[in-house]
Amino acid sequence: MNNNDVFRKTTSVDPRRHASSLDLIRTDAQTVMDLGLLPPRPDDELDLFFSPVFLFQTCLPIRPVSEKHLVNGAYVRRNGDLYMEMRSSVRPDFLPSGKFPRQFLMWLTNAITRYPESLNVEGEFRLDFSFRAFCRSMGINSSTGEKGSGRAMIDQIIRLMGTTFVIQRRPRPGSKEPLKIRTFAISSNLELAWDEERMKPKQWMDSIDAKIKLSRDFCAEIRDRAMPIDSRHLSVICKGRSALRIDVYHFLVSRNYALVTSGRSGNLASIPFAELHEQFGSNSTTAEFVRQFMGEIHWVKKNLGPGLLFSPTRDQRFLLAESPPP
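Bear in mind that the values here come from a model prediction, so they are computed numbers and not experimental data.

1. Focus: the pattern of salt bridges
So, step 1. This model, assessed by the stated rule, comprises eleven salt bridges.
So, step 2. A salt bridge links glutamate 221 to arginine 182, with the nearest nitrogen and oxygen atoms 2.8 Å apart. Of this pair, glutamate 221 sits in helix α8 (residues 216–224) while arginine 182 sits in strand β6 (residues 180–185), placing them 39 residues apart in sequence.
So, step 3. With relative accessibility at 3%, the residue glutamate 221 sits in the buried group.
So, step 4. A salt bridge links arginine 232 to aspartate 230, with the shortest nitrogen-to-oxygen separation between them at 3.4 Å.
So, step 5. When salt bridges that share partners are traced, they join Arg182, Glu221 and Arg225 into one network.

2. As for the sheet that holds strand β3 (residues 82–88)
So, step 1. Taken together, the four strands give an open sheet; going across it, the order is β2-β3-β5-β6, and neighbouring strands pair in antiparallel fashion. At either end of the open sheet lies a strand with only one pairing partner, and these are β2 (75–79) and β6. This sheet shows a mean twist of 15 degrees between the axes of neighbouring strands, independent of strand direction.
So, step 2. Bridge count for strand β5 (residues 163–169) against β6 is six bridges, and the pairing is antiparallel. Across the sheet, isoleucine 167 pairs through a bridge with arginine 182, a residue of β6.

3. Quick look at the sheet that holds strand β12 (residues 317–321)
So, step 1. Pairing in this open sheet of three strands is antiparallel, and the strands run β10-β12-β11 from one edge to the other. For this open sheet the edge positions go to β10 (268–272) and β11 (309–312), each flanked by a neighbour on one side alone. Each adjacent strand pair in this sheet contributes to an overall mean axis angle of 15 degrees, direction not counted.
So, step 2. Taken together, the five bridges between β10 and β12 define a ladder with antiparallel strand orientation. What sits directly across from leucine 268, in β12, is alanine 321.
So, step 3. Sheet strands touched by helix α10 (residues 243–260): β10 and β12. Its angle to β12, the strand with the most contacts, is close to 60 degrees.
So, step 4. The strands touched by helix α12 (residues 286–303) are β11 and β12; relative to β11, the strand with the most contacts, the crossing angle is about 160 degrees.

4. Focus: the confidence of the model for the protein
So, step 1. Taken residue by residue, the protein gives an average pLDDT of 78. The fraction at 70 or more is 79%.
So, step 2. Between residues 1–44, whose pLDDT stays under 50, and residues either more than four places distant or in other chains, the model counts 91 contacts.
So, step 3. With pLDDT under 50 throughout, residues 198–204 is counted as low confidence; its partners more than four residues away or in other chains account for eleven contacts.

What counts, and at which threshold
- Residues numbered from 1 in each chain as written.
- Predicted model: local features only at pLDDT ≥ 70, side-chain atom pairs only at ≥ 80, totals over all residues.
- Heavy atoms only, no water.
- Salt bridge = Lys/Arg side-chain N within 4 Å of Asp/Glu carboxyl O.
- Helix = DSSP H or I, 4+ residues; strand = E, 2+ residues; numbered from the N terminus.
- Buried < 20%, exposed > 50% of the residue type's maximum accessible area, 1.4 Å probe, protein only.
- Pairing = 2+ DSSP bridges.
- Axes fitted to C-alpha atoms, helices over the stretch in contact; angles between N-to-C directions.
- Contact = heavy atoms within 4.5 Å.
- pLDDT = per-residue confidence, 0-100.

Structure (structure tokens):
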């Protein structure tokens, strides 16, 4: 069973007729990615949105981090034998956090996965449309006030571009598997016209001039490990301020996919909450994390996956049974 078999819907959504369902990739706003100029995709792919796997195997911080959250200057997350380290080249605590960097990485991954022609031969991705359109494509308000979403998104993009990711697959004791390490930054060069003066005049809202030269290692990471999800759910899980909701949704999709493709009937995943706390980007206590995690699980079941089968246990584990894909 391939990805399309698992995630295929019974009906097809044409993104040019249902733009509201694709709030994160309103590509009609960007000339180099104009859907009207691109060849049609196969019908069974029109409802798929591609997210970066590394972002949800081990998660970005949910809230801003301070140096007390770092280990030898790195923010570390663990998912079984998989470890992710994040280091900032600006200063130790200048790391991306919250909903906005997740949304941007999802948007960028989907763009370069489904529309590789949006990159030039040097791997340069250019934003050459209005700032309002850019924010609208993210599903956020373009406000550039002190606490505005537009300003916050730019800040998080800058933090992302200064971050190096180290993904390690550490063999378990006694295993013959080799140690595997992948290291990459998102970009090798960023040029962004953003300053206090240009924020105020209308021309900032009417045009944005940014060039992001994506690193080859990041492009390889996305090319080899992009995760398909239901595009109609994107605008739903990205509403509000919950970064954890985005992570939980991807967690459920990927874990359920593993159960569906295992070939064993009645398969069940049993995961200690302590391990989930290490995986997700939460700085809270384990007890507080469990409360928030289960709240988001119930939200996804109520709004997107009524057939989801799960249960917490008295010995502090989370059970997930094979369910219809959300």
